[in-house]
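For reference, the chains in residue letters:
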Amino acid sequence: MDNMKLADLLLPSIDKTPDYYTNLYPERNLKEGAMVTRYAPSPTGFQHLGGVFAALISERTAHQSGGIFYFRIEDTDKKREVAGAIEESTTTLRDFGIFFDEGVVDSKSEKGAYGPYKQSDRMEIYHAYVKDLIKKGLAYPCFCTEEELDETRKIQQELKINTGYHGKWAIHRNATFDEINENLSKGKPFVIRLKSPGDPNKRVICNDLIKGDISMPENDQDIVLLKTNGLPTYHLAHAVDDHLMRTTHVIRGEEWFSSLPIHLQLFEMLGFAVPKYAHIPTIMKMDGTSRRKLSKRKDPEIRVDYYKSEGYPLVSVTEYLSNLINSNFQEWRIEHADEPCANFTIILENMSKSGALFDILKLNDMSKDVIATMSASTVYDLYLAWAKENDTEVACLLTKNEDYAKKIFNIERENEKPRKDFVKWLDVKEHIEYFFDDFYKNSISAGTNFPDHILSEEVKIILDGYIAIYNHSDDADTWFSRVKELSEKLGYAKNGRVYKKNPDIYKGVVSDVAAVIRVALTNRTQTQDLYEVMQVMGEKRVIERLSQDFV
Ligand code: GLU
């Protein structure tokens, strides 16, 4: 058969050759060992944690090797495309501090010399490669309908042989030019398939940096390269793109690992050098005593949105993910307490083969540490940014009372062992709202939280006594000795030991007195350090709160 004639018949408008593109996108001029990696999502749904995980690994490994990380959009499945998904991916990368050197910036623009980076803008390129394969007799049109393919599959299942389009079942593989021409003139829809030279009885070694070397049967399926609408399949598009964009390492989810025999064959038939592969094991979680994949239905934490709406600082999430990538991250963190986690060197070969275990409690612990090391002013800025989108009432309060809020955030902060009470911004309000008078008043009118064993007359005695000795300019030690002195005067033991010796002669312990003062000021039984709380509230507010009538 005249393959040249067939190629022109099938793709008449394509006049460029693979050589043209190879020259247009030359080898990159990078130093030895520099990696070129990519993040290549399909805009088909919400942003999930696995995507951020893959992007983070790809970005870090490229940049730490002095290489290039690029962002490609794989939008050839137009049926599944979701509006706004491209913007969501770029925003996610930006928010997580994952910077790409080249790629799609938004739905209208991109940067970099190896583009276009959106697959739907690369149709001519894919067609040029397919045309070349047809010319070489390595690809052909197939006119089978879905029904015919289903029928074949059923017969194969009954015969208990491998299903699919291969060997004698590939009925259009050896069609003559006239047969093809006739089908075309009837207007029959067709796909273009690869003429696979594979033998399933032979094996191919798939090298993977994470999984190691694994042998699998060769591919013998005549896979589809171009669909009936002319759009390429993932197999073809990614091979052409990874080649022309000069990708050195394909880092992607392990769901693609089983397709590796197809991809190795395709790269070879297209004459491309095979990149290195790293298939990332899926993130798992414990459910009772068994491990399972994170599920879209059951686990809100699979969605990137979740971290944003709960108000995890995104650095906490990248910090946690770094720890999931390589388990020696924590040792590194101890040695490099003040460095950004991007300085941690990722080793693909050291990733767990069985899949990292996601543990939200561990993330929470790490996030507490991350927030504890921030300055009060950073906490203020980040919390305000979150509140503007998620709690406008709080955002308004913070804006009106900037200095006061920063002082609140500074309580027990800039010291050796900073207080770790915030996991995420959603938690902050309950820890600080009592500092603000409207919240405080509402809380008091809903009911006070004085200890049950202290009657209201006694509360009044304690508070009156306390107002009399209160001196806002006392330092912490003087303040506490005064409280102790007052307590003893009112009949409370100065500590638990003294109380236990003679419980009958005391009304209680100094901590009961402190509890009354704390509740009167905050209506909380637990707060940050009481002395610091009062210093931040200011003398006027303290006296006002203490001298009201609690009924
Ligand atoms: N578009 C593919 C996906 O979202 C990308 C796989 C790859 O990185 O090659 O699964």
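Here, the structure is the one placed above.
This report concerns the structure included in the present document. (Residues numbered from 1 in each chain as written. Predicted model: local features only at pLDDT ≥ 70, side-chain atom pairs only at ≥ 80, totals over all residues. Heavy atoms only, no water.)

1. Digging into the overall build of the protein
Helix and strand content of the protein: 24 helices and 16 strands. Its C-alpha atoms give the protein a radius of gyration of 33 Å, clearly above 24 Å, the size a compact globule of 551 residues would have. Seen through its C-alpha atoms, the protein measures out along the principal axes to roughly 110 × 50 × 45 Å. Residues classed as buried in the protein amount to 50% of the 551 residues present. Summarising the internal contacts of the protein: among those between residues at least 6 apart in sequence, 73% fall at separations of at least 24. As presented, the protein carries roughly 27500 Å² of accessible surface, and 50% of it is formed by carbon and sulfur atoms. (Helix = DSSP H or I, 4+ residues; strand = E, 2+ residues; numbered from the N terminus. Rg over C-alpha atoms; globule rule 2.2 N^0.38 Å. Buried < 20%, exposed > 50% of the residue type's maximum accessible area, 1.4 Å probe, protein only. Contact = heavy atoms within 4.5 Å. Areas by Shrake-Rupley, 256 points an atom, 1.4 Å probe, with all protein chains shown as cover.)

2. Some points on the site of the ligand
Every residue lining the ligand is accounted for by R38, A40, P41, S42, E74, Y234, R252 and W256. Residue A40 places a main-chain N or O atom 2.8 Å away from a nitrogen atom belonging to the ligand. One of the side-chain nitrogen or oxygen atoms of Y234 is found 2.4 Å away from an oxygen atom of the ligand. When the ligand is considered free in solution it has 300 Å² of accessible area, and contact with the protein chains removes 81% of it. Within the shell around the ligand, the residues separate by chemical class into 4 nonpolar, 1 polar and 3 charged. (Near = heavy atom within 4 Å. Polar contact = N/O pair within 3.5 Å; in protein donor to acceptor, adjacent residues only side chain to side chain. Nonpolar A, V, L, I, M, F, W, Y, C, P; charged D, E, K, R; others polar.)

3. Section: the nonpolar core
Grouped burial of nonpolar side chains is what soluble globular proteins tend to show. F53, I134, L225 and Y307 are the most contacted members of the largest nonpolar core, which totals 99 residues. When residues no more than four places from it in sequence are discounted, the contact partners of I134 are N3, L6, A7, L10, L11, A139 and I192. (Core = buried A, V, L, I, M, F, W, Y, C linked by side-chain atoms within 4.5 Å.)

4. Some thoughts on the packing of helix α16 (residues 402-410) against helix α23 (residues 530-537)
At their nearest, the axes of α16 and α23 sit 10 Å apart, and the two run at 170° to each other. In terms of orientation, α16 and α23 fall into the roughly antiparallel class. Contacts between α16 and α23 pair Y404, K407, I408 and N410 from the former with E532, V536 and M537 from the latter. (Axes fitted to C-alpha atoms, helices over the stretch in contact; angles between N-to-C directions. Parallel < 35°, antiparallel > 145°, perpendicular 65-115°, else oblique.)

5. Concerning the pattern of salt bridges
Applying the stated rule across the entire model yields 37 salt bridges. Its salt-bridge partner being E301, residue K285 comes within 2.8 Å of it at the nearest N-O pair. Taken together, the residues K285 in strand β12 (residues 284-287) and E301 in the loop between β13 (290-293) and α10 (304-310) connect sequence positions 16 residues apart. In this structure, K420 and D369 form a salt bridge, with 2.9 Å as the shortest nitrogen-oxygen distance. Of the two residues, K420 is situated in the loop between α16 and α17 (425-432) and D369 in helix α13 (residues 360-372); the sequence distance between them amounts to 51 residues. One salt-bridge network, in which partners are shared between bridges, spans R38, R72, E74, R122, D241 and D242. (Salt bridge = Lys/Arg side-chain N within 4 Å of Asp/Glu carboxyl O.)

6. Details of the packing of aromatic side chains
Applying the stated criterion to the full structure yields 29 aromatic pairs. On the basis of an interplanar angle of 15° and a centroid distance of 6.0 Å, the ring pair of Y39 and F71 is categorised as stacked. Of this pair, Y39 sits in strand β1 (residues 36-39) while F71 is found in strand β2 (residues 68-71), placing the two residues 32 residues apart along the sequence. For the residue pair Y39 and F71, the accessibility class agrees, reading buried in each case. Aromatic side chains Y404 and F435 sit 6.2 Å apart centroid to centroid with 80° between the ring planes, which places their arrangement in the edge-to-face category. Taken together, the positions of Y404 in helix α16 and F435 in the loop between α17 and α18 (437-445) put the pair 31 residues apart, joining distant regions of the chain. Judged by relative accessible area, which is 11%, Y404 ranks as buried. An aromatic cluster is defined as three or more aromatic residues linked by ring pairs; in this entry it consists of Y20, Y21, Y129, F267 and F272. Above the ring of F46, the side-chain terminus of R303 is found at 4.3 Å from the ring centroid. (Phe/Tyr/Trp six-rings, centres within 6.5 Å; stacked < 30°, edge-to-face > 60°. Lys NZ or Arg CZ within 6 Å of the ring centre and 35° of its normal.)

7. Focus on the side chain of S65
Looking at the secondary structure, you find S65 in the loop between α3 (49-64) and β2. Not counting residues up to four positions away in its chain, the partners in contact with S65 are K31, G33, A34 and M35.

8. With respect to α16
Taken together, the buried positions of α16 are occupied by Y404, A405, I408 and F409. Taken down its axis, α16 places every buried residue within 135° of arc, on the same side. Those residues of α16 hidden inside the fold are in contact with α14 (376-390), α15 (392-400), α17, α23 and α24 (539-547). Remark: E412 follows α16 within two positions and exhibits a positive phi of approximately 50°. (Arc of directions from axis to C-beta.)

9. Considering unusual backbone geometry
With an omega dihedral of 0°, the bond running from G115 to P116 counts as a cis peptide bond. Mapping P116 onto the fold places it in the loop between β4 (110-111) and α5 (123-135). Residue N523 is not a glycine yet carries a positive backbone phi of 55°. Mapping N523 onto the fold places it in the loop between α22 (510-522) and α23.

10. Let's talk about the environment of S352
Here S352 lies in the loop between α12 (329-335) and β14 (357-358). In sequence terms S352 and Y140 are 212 residues apart; their C-alpha atoms lie 41 Å from each other. A polar contact is formed between the side chain of S352 and the backbone nitrogen of S354, at a distance of 3.2 Å. In terms of polar contacts, S352 uses its side chain to reach the backbone amide nitrogen of G355, at 3.2 Å.

11. A few points about the sheet that holds strand β5 (residues 139-142)
With antiparallel pairing, the 3 strands of this open sheet are ordered in space as β5-β6-β9. Because the sheet does not close on itself, it has two edges, and the strands there are β5 and β9 (224-226). Here the average twist between neighbouring strands, direction ignored, is 45°. Judged from the 4 bridges that link them, β5 and strand β6 (residues 191-194) form a sheet pairing that is antiparallel. The residue of β6 that forms the bridge with P141 is I192. (Pairing = 2+ DSSP bridges.)

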